[in-house]
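Observations on the three-dimensional arrangement
Each chain is listed here by its residues.
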Amino acid sequence: SIAAVAAVGMTTAIATPTHHRWVPAKDKNGNVWSSEQFDVLDHVAEMIESGDISNLSTMIMACAGSGKTTVLEGIIEVCVNAYHDDVKFILSIGLIAFNNIIVDLLNTVIARVAPDGADYEARTLSSHGNRTLKHWLNENGNTGTMQTRYSDITRNVILSALGEHE
């Protein structure tokens, strides 16, 4: 997605790369996305449109202040744009953040832009793990099971969260 530069007579034309139609041109503050941010947003949009979302799991690893939360906000907007383009693209989205400050910010964005009936939610990793463990226990055991088979349960919960099953 590198912009191509071509000389045309006495002028220079810069061809801007095309991005998926669901990707907003700018972030919520009016800033143009970086090429790395566009790559993530394009990837998410293309996976949604292709219908290949069963394995759509995107991890954003970057330093502090690099725009990770802004990209998560952009992903929410991509999903909303997909829904507005075609209702079949309404999704259930779980966003995992490191702390409650980011979770609160993402849930504010979700409340502002999510379409009616959409199941969009942001949680901390700890909250997600706790909910996953409780769900697993409700389906497969009880608190007595947890005390006697904690290591097995933890292993199964982790494998389940990673999409792997024994």
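Located above this text is the structure these notes cover.
Residues numbered from 1 in each chain as written. Predicted model: local features only at pLDDT ≥ 70, side-chain atom pairs only at ≥ 80, totals over all residues. Heavy atoms only, no water.

1. Thoughts on the pattern of salt bridges
According to the stated counting rule, one finds 5 salt bridges in the structure shown. A salt bridge links R21 to E49, with the nearest nitrogen and oxygen atoms 2.5 Å apart. Here R21, found in the loop between strand 2 (11-15) and helix 1 (35-50), pairs with E49, found in helix 1; they are 28 residues apart in sequence, far enough to count as distant. Since its relative accessible area comes to 33%, E49 is described here as partly exposed. Between R21 and D85 there is a salt bridge whose closest N-O contact spans 2.9 Å. A residue pair is termed long-range when its members are at least 10 positions apart, and R21 in the loop between strand 2 and helix 1 and D85 in helix 2 (residues 68-85) qualify at 64 residues. (Salt bridge = Lys/Arg side-chain N within 4 Å of Asp/Glu carboxyl O. Helix = DSSP H or I, 4+ residues; strand = E, 2+ residues; numbered from the N terminus. Buried < 20%, exposed > 50% of the residue type's maximum accessible area, 1.4 Å probe, protein only.)

2. Regarding the packing of helix 2 against helix 3 (residues 100-113)
Two numbers describe how helix 2 lies on helix 3: the axes approach to 10 Å, and their chain directions differ by 25°. Judged by the inter-axis angle, helix 2 sits roughly parallel to helix 3. Where helix 2 crosses over helix 3, the two elements pack in a sense that is right-handed. Of the residues in helix 3, those in contact with T69, L72, E73, I76 and V80 of helix 2 are I102, L105, L106, V109, I110 and V113. (Axes fitted to C-alpha atoms, helices over the stretch in contact; angles between N-to-C directions. Parallel < 35°, antiparallel > 145°, perpendicular 65-115°, else oblique. Left-handed = near helix turned anticlockwise from the far one by under 90°. Contact = heavy atoms within 4.5 Å.)

3. A few points about the pairing of strand 4 (residues 119-124)
One ladder, built from 6 bridges, connects strand 3 (residues 92-97) with strand 4; its direction is parallel. In the sheet register, G94 faces strand 4, and the bridge partner there is E121. With respect to chirality, the unit in which strand 3 leads through helix 3 into the neighbouring parallel strand 4 is right-handed. (Pairing = 2+ DSSP bridges. Right-handed = clockwise from strand over helix to strand, strands pointing away.)

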